[in-house]
Structure formats: C-alpha cells, structure tokens
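# Residue-level structural notes
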Amino acid sequence: MIKKLSAVGNSLGLIIERPILDLLDITKDTPLEIKTDGKILIIRPSKLGKKERIRASAKRMMAIHDATLRKLAK
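Below is a short write-up of the structure. (Residues numbered from 1 in each chain as written. Predicted model: local features only at pLDDT ≥ 70, side-chain atom pairs only at ≥ 80, totals over all residues. Heavy atoms only, no water.)

In terms of regular secondary structure, the chain is built from three helices and four strands. Reading the chain from its N terminus to its C terminus gives the helix and strand order β-β-α-β-β-α-α. The C-alpha radius of gyration computed for the chain amounts to 18 Å, which surpasses the reference 11 Å derived for 74 residues by more than 25%, pointing to a less compact arrangement than a globule. Structurally, the chain occupies a C-alpha span of about 60 × 25 × 25 Å along its principal axes. Taken over 74 residues, the chain has a buried fraction of 7%. Taking the contacts inside the chain whose residues are at least 6 apart along the sequence as the reference set, 2% of them involve residues at least 24 apart. Accessible surface, the chain: about 7100 Å² in total, of which carbon and sulfur atoms supply 60%. Positive and negative side-chain charges of the chain, numbering 17 and 8 respectively, have mean locations separated by a distance of 8 Å. (Helix = DSSP H or I, 4+ residues; strand = E, 2+ residues; numbered from the N terminus. Rg over C-alpha atoms; globule rule 2.2 N^0.38 Å. Buried < 20%, exposed > 50% of the residue type's maximum accessible area, 1.4 Å probe, protein only. Contact = heavy atoms within 4.5 Å. Areas by Shrake-Rupley, 256 points an atom, 1.4 Å probe, with all protein chains shown as cover. Lys, Arg positive; Asp, Glu negative; His and termini not counted. Charge placed at Lys NZ, Arg CZ, Asp CG, Glu CD.)

Given below as structure tokens:
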C-alpha cells in the first residue's frame, strides 16, 4: 500500500484506514510507539506501560547475554 502524507496544521499526518485500525485494535486513544532505524519508519501500538517495557527489555537483554551473565555470576 502506498500512502501520501496529509497536511495537519504545520505538521504532516498519515491516514490509516479503518480495516487496518480494526485489525491492530487501534483507537484514537491507543498510544503508538514510533521508531526509525534511519531508513524505515515503524509505527506500532504500545500496549505496555513503562514498567512492562522495562521488564521486557531486561528479559531480552538477559536472553541475548545469558552465557556472559552466568559466567559473571560465578
């Protein structure tokens, strides 16, 4: 799907059609996480609160560095 940005005041906005919003369970009140790697724009619903995001980040870090953390614990 190719989209164009729409003018919204002094900013630009992206219109997301209802079927996509329904599929992702996004409403006007859903917080969205917006990230980029410098080439790609990633927009996704942020269902986690701050504590849950920190916990998920710690779990990912521990999974990636499991062997190193076990060696350090000895």
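Looking now at the pattern of salt bridges. Tallied over the full model, the rule gives four salt bridges. Close ionic contact of Arg44 with Glu33 constitutes a salt bridge, the shortest N to O distance being 3.4 Å. With Arg44 in strand S4 (residues 41–45) and Glu33 in strand S3 (residues 32–36), this residue pair connects regions lying eleven residues apart in the sequence. (Salt bridge = Lys/Arg side-chain N within 4 Å of Asp/Glu carboxyl O.)

Take the pairing of S4 next. The pairing of S3 with S4 spans five bridges and is antiparallel. The residue bridging Thr36 from the neighbouring strand is Leu41, located in S4. Connecting S3 to the antiparallel partner S4 that follows it, the hairpin turn spans four residues, and Gly38 within it adopts a positive phi of roughly 100°. (Pairing = 2+ DSSP bridges.)

Looking at the element boundaries, Ser46 is found in the loop between S4 and helix H2 (50–64). Judged by its relative accessible area of 15%, Ser46 is buried. Once you skip the residues sitting within four places of it in the chain, Ser46 turns out to touch Pro31, Leu32, Glu33 and Arg53.

Counting through the fold element by element, Lys47 comes out in the loop between S4 and H2. The contacts of Lys47, once residues within four sequence positions are left out, are Leu24, Asp25 and Thr30.

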